[in-house]
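# Residue-level structure breakdown
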Amino acid sequence: MIKLIVGHKGSGKTKTMIQMANDAVKTSNGNVVCVEKGIQLNYDLNYQIRLIDIDQYGISDYNAMFGFLCGLMAGNYDITHIFIDSLTKIVGGECDNETEKFLDWLNKFAEQHNIKFTITISADPDTATDTMRKFM
């Protein structure tokens, strides 16, 4: 399952995601992971949430993000939730056809591994594609 939070910069996407992550860790029977660029959320997230600074891993496109997420699951099969803050900032691009392909793959991956993904993207919600809207 994927939950996509799309909005303009400063619209409260990250704040909403933080609340969702902190709620998820209270009910999860496994591990909750938050992936972000930098470690700005270090003091906002519950200490039980695994915060990953994606800058430490040189992720620069969707293929690398794909490999990174597969590696996360290979190393820890107990992950129940993954929160990704500012996906397009992490992969260095705009919402485009590659974003749609990634979200379709991620949805299949989530179903296969029974993981809930929550992703924030800074963009105009009115310009979201049909693929993106089905996750909003």
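The structure this text deals with has already been given above.
Here is a short report on the structure shown in this document. (Residues numbered from 1 in each chain as written. Predicted model: local features only at pLDDT ≥ 70, side-chain atom pairs only at ≥ 80, totals over all residues. Heavy atoms only, no water.)

### Some words on the overall build of the chain
Looking only at helices and strands, the chain has five helices and five strands in total. A compact globule built from 136 residues should have a C-alpha radius of gyration of about 14 Å, and the chain, at 14 Å, falls within 12% of that. Principal axes of the C-alpha set define a box for the chain whose edges measure 35 × 30 × 30 Å. For the chain, buried positions account for 46% of its 136 residues. Long-range contacts, defined as pairs at least 24 residues apart, comprise 67% of the intrachain contacts of the chain with a sequence gap of at least 6. Summed over its atoms, the accessible surface of the chain is roughly 7,400 Å², and 47% of this surface lies on carbon and sulfur atoms. (Helix = DSSP H or I, 4+ residues; strand = E, 2+ residues; numbered from the N terminus. Rg over C-alpha atoms; globule rule 2.2 N^0.38 Å. Buried < 20%, exposed > 50% of the residue type's maximum accessible area, 1.4 Å probe, protein only. Contact = heavy atoms within 4.5 Å. Areas by Shrake-Rupley, 256 points an atom, 1.4 Å probe, with all protein chains shown as cover.)

### As for the pairing of strand S2 (residues 31-36)
With five of six residues buried, S2 lies mostly within the body of the structure. In terms of strand pairing, S2 meets strand S4 (residues 79-84) through five bridges, oriented parallel. From the neighbouring strand, Cys 34 faces S4, where its bridge partner is Phe 83. Alignment of S2 against strand S3 (residues 50-53), held across four bridges, turns out to be parallel. Within the sheet, the bridge partner assigned to Val 35 lies in S3 and is Ile 52. (Pairing = 2+ DSSP bridges.)

### Quick word on the pattern of salt bridges
If you walk through the whole model with that rule in mind, you get four salt bridges. Asp 23 is paired through a salt bridge with Lys 26; the nearest N and O atoms lie 3.9 Å apart. With a gap of three residues between them, Asp 23 and Lys 26 both fall in helix H1 (residues 13-27), about one helical turn apart. Asp 23 gets classed as partly exposed once you look at its relative accessible area, which sits at 35%. (Salt bridge = Lys/Arg side-chain N within 4 Å of Asp/Glu carboxyl O.)

### Description of the packing of aromatic side chains
Summed over all chains, the structure comprises six aromatic pairs. Centre to centre, the rings of Tyr 57 and Phe 68 are 5.2 Å apart; their planes meet at 50°, and the pair counts as tilted. Placement of the pair is Tyr 57 in the loop between S3 and helix H2 (62-75) and Phe 68 in helix H2, with a sequence separation of 11 residues. Owing to a relative accessible area of 46%, Tyr 57 belongs among the partly exposed residues under this scheme. Judged by centre distance (5.1 Å) and plane angle (35°), the rings of Tyr 62 and Phe 102 are tilted. Of the two residues, Tyr 62 sits in helix H2 while Phe 102 sits in helix H4 (residues 97-113), which places them 40 residues apart along the sequence. (Phe/Tyr/Trp six-rings, centres within 6.5 Å; stacked < 30°, edge-to-face > 60°.)

### Focus: the side chain of Ser 28
Examined against the element boundaries, Ser 28 turns out to sit in the loop between H1 and S2. Taking the relative accessible area as the measure of exposure, Ser 28 reaches 15% and is therefore buried. From its side chain, Ser 28 meets the backbone nitrogen of Gly 30 in a polar contact 3.0 Å long. Residues within four places of Ser 28 in sequence aside, it is in contact with Thr 80 and His 81. (Polar contact = N/O pair within 3.5 Å; in protein donor to acceptor, adjacent residues only side chain to side chain.)

### Here's the deal with the sheet that holds S3
The five strands are arranged S1-S5-S4-S2-S3 in an open sheet whose pairing can be described as parallel. Both edges of this open sheet fall to strand S1 (2-7) and S3, since each of them pairs with a single strand only. Mean inter-strand twist for the sheet, computed between neighbouring axes without regard to direction, equals 15°. Sheet analysis places S4 next to strand S5 (residues 116-122), joined by four bridges and oriented parallel. Bridged to Phe 83 within S5 is Thr 118. Across the face of the sheet, H4 comes into contact with S1 and S5 while running at roughly 165° to S5. (Axes fitted to C-alpha atoms, helices over the stretch in contact; angles between N-to-C directions.)

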